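What follows is the residue order along each chain.
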Amino acid sequence: MKKIKVFTNGLIKENPVLVLVLGTCPTLAMSVSVINAIAMGLAATAVLICSNAVISLLRKVIPDTVRIPCYIVVIAGFVTLVQMLMEAYLPDLYDMLGVYLALIVVNCIILGRAEMFANKHNVFESALDGLGMGFGFTLALLLMATVREVLGNASFAGMSIGFLQDYKIPILTAPPGGFLVFGCMIALVAYLTRGKAPIKKSFDCEGCPSAAFCRKEGKACGTAETEAK
Amino acid sequence: METYKLLLKIIMTSVLVNNYVLNKFLGICPFLGVSKKIDQASGMGAAVIFVMLLATAATWPIQTYLLEPNGMGYLQTIVFILVIAALVQFVEIVLKKFLPSLHGSLGVYLPLITTNCAVLGVTINNITDGYNFLQSMVSSLGCGLGFLLAMVIFAGVRERMEEADPPKAFKGIPITLVAASIVSMAFYGFGGFVTSLFGE
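Residues numbered from 1 in each chain as written. Chains lettered and ligands numbered in written order. Predicted model: local features only at pLDDT ≥ 70, side-chain atom pairs only at ≥ 80, totals over all residues. Heavy atoms only, no water.

Here the focus is the overall build of chain A. Along its length, chain A carries 11 helices and two strands. Residues classed as buried in chain A amount to 53% of the 229 residues present. Long-range pairs, those at least 24 residues apart, make up 73% of the contacts in chain A between residues at least 6 apart in sequence. (Helix = DSSP H or I, 4+ residues; strand = E, 2+ residues; numbered from the N terminus. Buried < 20%, exposed > 50% of the residue type's maximum accessible area, 1.4 Å probe, protein only. Contact = heavy atoms within 4.5 Å.)

Written out as structure tokens, the structure reads:
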């Protein structure tokens, strides 16, 4: 039972995008079309499962002080693997995802899960958490892409929807639409859960990959600004 | 003359048209996280420009003279992220030791930038776009300036927004994203103006 909970946690209750608000960059950029969203989601899921599992395996070997660079190497290795496989077998998608595929390395979700989950749990649970979080990410991307593609381009996964053709809102597929739809989705989730979900009120250190660097010096990111003055 | 025109075109494109934050969605985390006050936002922006220039100066030669001639182009992602991470840490140590006053104003933002997607993005894009060293540096400067511009404008918008009273569900992140959408719309208006100025 507990195992199932680990999986569904990432899917709904702690959805990385809509509840934890991590990985905003690929979410905004890749939700223009449904196909892009699914490709990005699955690529990130693959990296997330593998890196979670490997980091969990190595958690007793990696010294605490240099753990972040170690995680980055592991993640970057898997990203390169996904890049090479995609370039070989799915060249069209590879071109479409472009630089965002390489940028999975710096996706906060992956480093965040390594830091928050994989280095404390066993291999199986970590892989399961990766699967759940990955699917949660894909689900959120898919939802956003559906809204943006159907309303903005009157099509779904490339198939055009006849009766909507005259009522397209092209701005939704443009960058401003990304911010707008994302904002409205988070607001919707906050409204539906009526404060039960731990919706973040602002961006903070939690899950931010840089947190480990900042905290090392005994201060959180938030205090950086006071010191700057 | 032609060279200067091209460089100007690159810089205008990366500052206004292909703004990294508002158009390519790179570096959203610091854009939303550190934009509550204008002075903070400009500090972060300056630090990003600094790191982008430094990262490009380091990664472009590595890619061109080390990885590509040896057929190791596929190692790009791993090498770039490690070089950037190491570089940022190194610069922070150097600044702390030798220029404490600069460290006071820039240094605190440096750790935040290590894993920033805008920095990795600009170094990779410079390679994919086939720029030479000078063009890469100019493009990085442009992207950094674009980031600074977006940060400062958005910080101004946000300071006003603090006084607004949105519906409960929109409080916090959602209303910030909606505001970002409007700022992004303003930049969307620049689309196509570089091609009309400089030609294709």
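Here the focus is the overall build of chain B. A tally of helices and strands in chain B yields 10 helices and zero strands. The N-to-C order of helical and strand elements in chain B reads α-α-α-α-α-α-α-α-α-α. In terms of C-alpha radius of gyration, chain B reaches 18 Å, essentially the compact-globule figure of 16 Å for 200 residues. Counting only C-alpha atoms and orienting by the principal axes, one finds that chain B spans roughly 60 × 50 × 30 Å. Burial analysis of chain B (200 residues in total) assigns 50% to the buried set. Sequence-distant contacts, at least 24 apart, represent 77% of the contacts inside chain B between residues at least 6 apart. Accessible surface computed for chain B: about 8600 Å², of which carbon and sulfur atoms make up 68%. One way to put it: in chain B the 11 positive side-chain charges average out to a point 6 Å from where the 10 negative ones average out. (Rg over C-alpha atoms; globule rule 2.2 N^0.38 Å. Areas by Shrake-Rupley, 256 points an atom, 1.4 Å probe, with all protein chains shown as cover. Lys, Arg positive; Asp, Glu negative; His and termini not counted. Charge placed at Lys NZ, Arg CZ, Asp CG, Glu CD.)

On average, residues of chain A carry a pLDDT of 80, and 84% of them reach 70 or more. Per-element confidence in chain A is highest for helix H3 (residues 34–57) of chain A, whose mean pLDDT is 91, and lowest for helix H11 (residues 224–228) of chain A, whose mean pLDDT is 35. (pLDDT = per-residue confidence, 0-100.)

With that out of the way, let us pick up the interface of chain B and chain A. The figure often quoted for interface size is the accessible area lost as the parts come together. Every contact between the two is made by 47 residues of chain B and, on the other side, 50 residues of chain A. Regarding the contact of chain B and chain A, the summed buried area is about 4200 Å², with carbon and sulfur atoms giving 77% of it. Our count for the chain B to chain A interface comes out at zero salt bridges. At the boundary of chain B with chain A, the tally comes to three residue pairs in polar contact (both at pLDDT 80 or more). (Buried area = accessible area lost by both parts, 1.4 Å probe. Salt bridge = Lys/Arg side-chain N within 4 Å of Asp/Glu carboxyl O. Polar contact = N/O pair within 3.5 Å; in protein donor to acceptor, adjacent residues only side chain to side chain.)

Before going further, it helps to examine the packing of aromatic side chains. How two aromatic rings sit relative to each other is given by the distance of their centres and the angle of their planes. Overall, the coordinates contain five aromatic pairs over all chains when judged by the stated rule. One aromatic cluster is present, formed by Trp60, Tyr65 and Phe133 of chain B through successive ring pairs. (Phe/Tyr/Trp six-rings, centres within 6.5 Å; stacked < 30°, edge-to-face > 60°.)

Let us look at the nonpolar core. Counting residues in each nonpolar core, the largest one holds 108 residues, and the members touching the most others are Phe182 of chain A together with Phe31 and Leu120 of chain B. If we skip the residues at most four places from it in the chain, phenylalanine 182 of chain A touches Val17, Leu18, Val21, Thr24, Thr27, Leu28 and Met144 of chain A together with Leu177 of chain B. (Core = buried A, V, L, I, M, F, W, Y, C linked by side-chain atoms within 4.5 Å.)

It is worth spelling out the environment of leucine 149 of chain B at this point. Residues and elements named next belong to chain B. Mapped onto the elements, leucine 149 comes out in helix H8 (residues 133–161). In this structure the C-alpha to C-alpha distance between leucine 149 and lysine 97, which are 52 residues apart in sequence, comes to 30 Å. In this structure leucine 149 touches Val15, Leu16 and Phe187, once residues within four positions along its chain are discounted.

Attention shifts here to unusual backbone geometry. Positive phi, normally seen in glycine, also occurs at alanine 154 of chain A, with a value near 50 degrees. In this fold, alanine 154 of chain A is placed in the loop between helix H8 (123–153) and strand S1 (155–156). Residue alanine 154 of chain A is classed as buried on the basis of its relative accessible area, which comes to 0%. Of note, the phi angle at phenylalanine 25 of chain B is positive, near 55 degrees, even though the residue is not glycine.

With that settled, consider H8 of chain B. Compared with an ideal rise of 1.5 Å per residue, which puts 29 residues at 42 Å, H8 of chain B spans 41 Å between its outermost C-alpha atoms and is within 8% of the ideal. One side-chain oxygen at the N-terminal end of H8 of chain B lies 3.2 Å from the backbone nitrogen of leucine 134 of chain B; it belongs to asparagine 132 of chain B. (Expected span 1.5 Å × (residues − 1).)

Here the focus is a negative patch on the surface. On the surface, a cluster of negative charge is contributed by Asp39, Glu159, Glu162 and Glu163 of chain B. The topology assignment puts aspartate 39 of chain B in helix H3 (residues 38–67). (Patch = residues over 30% accessible without salt bridge, like charges linked within 9 Å, V, L, I, M, F, W, Y side chains within 5 Å.)

Now for the pattern of salt bridges. In total, this model carries four salt bridges over all chains according to the counting rule given. Of the charged contacts, one joins lysine 171 of chain B and aspartate 165 of chain B as a salt bridge, the two residues approaching to 3.9 Å between their closest N and O atoms. Of the residues examined, aspartate 165 of chain B reaches a relative accessible area of 66% and is grouped as exposed. Connected through shared salt-bridge partners, Asp64, Arg67 and Glu115 of chain A make up one network.

We now examine the packing of helix H4 (residues 67–89) of chain A against helix H7 (residues 108–118) of chain A. Each packed pair of helices is defined by two parameters, the angle between the axes and the distance between the axes. Residues and elements named next belong to chain A. Packing of H4 against H7 brings their axes to within 11 Å, and their N-to-C directions diverge by 130 degrees. Taken together, the axis directions place H4 and H7 in an arrangement best described as oblique. Note on packing geometry: the crossing formed by H4 with H7 is right-handed. In this structure, H4 uses Arg67, Ile68, Tyr71, Ile72 and Ile75 to contact H7, whose residues at the interface are Ile110, Leu111, Ala114 and Glu115. (Axes fitted to C-alpha atoms, helices over the stretch in contact; angles between N-to-C directions. Parallel < 35°, antiparallel > 145°, perpendicular 65-115°, else oblique. Left-handed = near helix turned anticlockwise from the far one by under 90°.)

This part covers the side chain of glutamine 63 of chain B. Take glutamine 63 of chain B: it is sitting in helix H3. Residues contacting glutamine 63 of chain B, with those up to four places away along its chain left out, are Glu68, Pro69, Gly73, Gln76, Phe80 and Ile127 of chain B.

Moving on to a nonpolar patch on the surface. Residues and elements named next belong to chain B. A cluster of nonpolar side chains, contributed by Phe90, Val94, Phe98, Leu99 and Leu102, occupies part of the molecular surface with about 490 Å² of accessible area. The leading source of residues in the nonpolar patch is helix H4 (residues 76–98), at three residues. Tracing the backbone through its elements, the reader meets phenylalanine 98 in helix H4. Using a relative accessible area of 62% as the deciding quantity, one classes phenylalanine 98 as exposed.

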